[in-house]
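Now for the letters of each chain:
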Amino acid sequence: MRTASPVLTGRFRDIVARIGAVLRAQREIDAQRVLQRYRHLLEQPHETLRLNEIIPVSNEEDIAENAHGSDGCERAAEHPKFERA
């Protein structure tokens, strides 16, 4: 079996090292672009958000109505329930 010459091995290692350096440089450029593009998302907000703000609770009439605006109790009276045999 033939072994690679030291010259070819050195050239191969040099090429691999150059490719690695180019990939690292490109990754750094991409990271800088991402930081510039999304910097506004990383900044701290100027005023604090009110997370503990009181949310008004709906009254019982609003809760009993469905999306169509009809009362759930009235609707149940109109349609008979199916019972198991």
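Each remark here, short or long, concerns the structure printed above.
Presented here is a report on the structure given in the accompanying data block.

Calculation rules
- Residues numbered from 1 in each chain as written.
- Predicted model: local features only at pLDDT ≥ 70, side-chain atom pairs only at ≥ 80, totals over all residues.
- Heavy atoms only, no water.
- Helix = DSSP H or I, 4+ residues; strand = E, 2+ residues; numbered from the N terminus.
- Areas by Shrake-Rupley, 256 points an atom, 1.4 Å probe, with all protein chains shown as cover.
- Salt bridge = Lys/Arg side-chain N within 4 Å of Asp/Glu carboxyl O.
- Buried < 20%, exposed > 50% of the residue type's maximum accessible area, 1.4 Å probe, protein only.

### Description of the overall build of the chain
Here comes step 1: Each helix and strand in the chain was counted, giving four helices and zero strands.
Here comes step 2: Counting helices and strands in the order they occur from the N terminus, the chain gives α-α-α-α.
Here comes step 3: Only carbon and sulfur atoms are counted for the fraction: they give 56% of the accessible area of the chain, which is about 9400 Å².

### A closer look at the pattern of salt bridges
Here comes step 1: Using the criterion set out here, one finds one salt bridge in the structure.
Here comes step 2: Of the charged contacts, one joins Arg18 and Asp14 as a salt bridge, the two residues approaching to 3.1 Å between their closest N and O atoms. Taken together, the positions of Arg18 and Asp14, both in helix H1 (residues 6–37) and four residues apart, correspond to about one turn of that helix.
Here comes step 3: Overall, Arg18 belongs to the exposed group, its relative accessible area being 56%.
Here comes step 4: The exposure class of Asp14 is partly exposed, given its relative accessible area of 36%.

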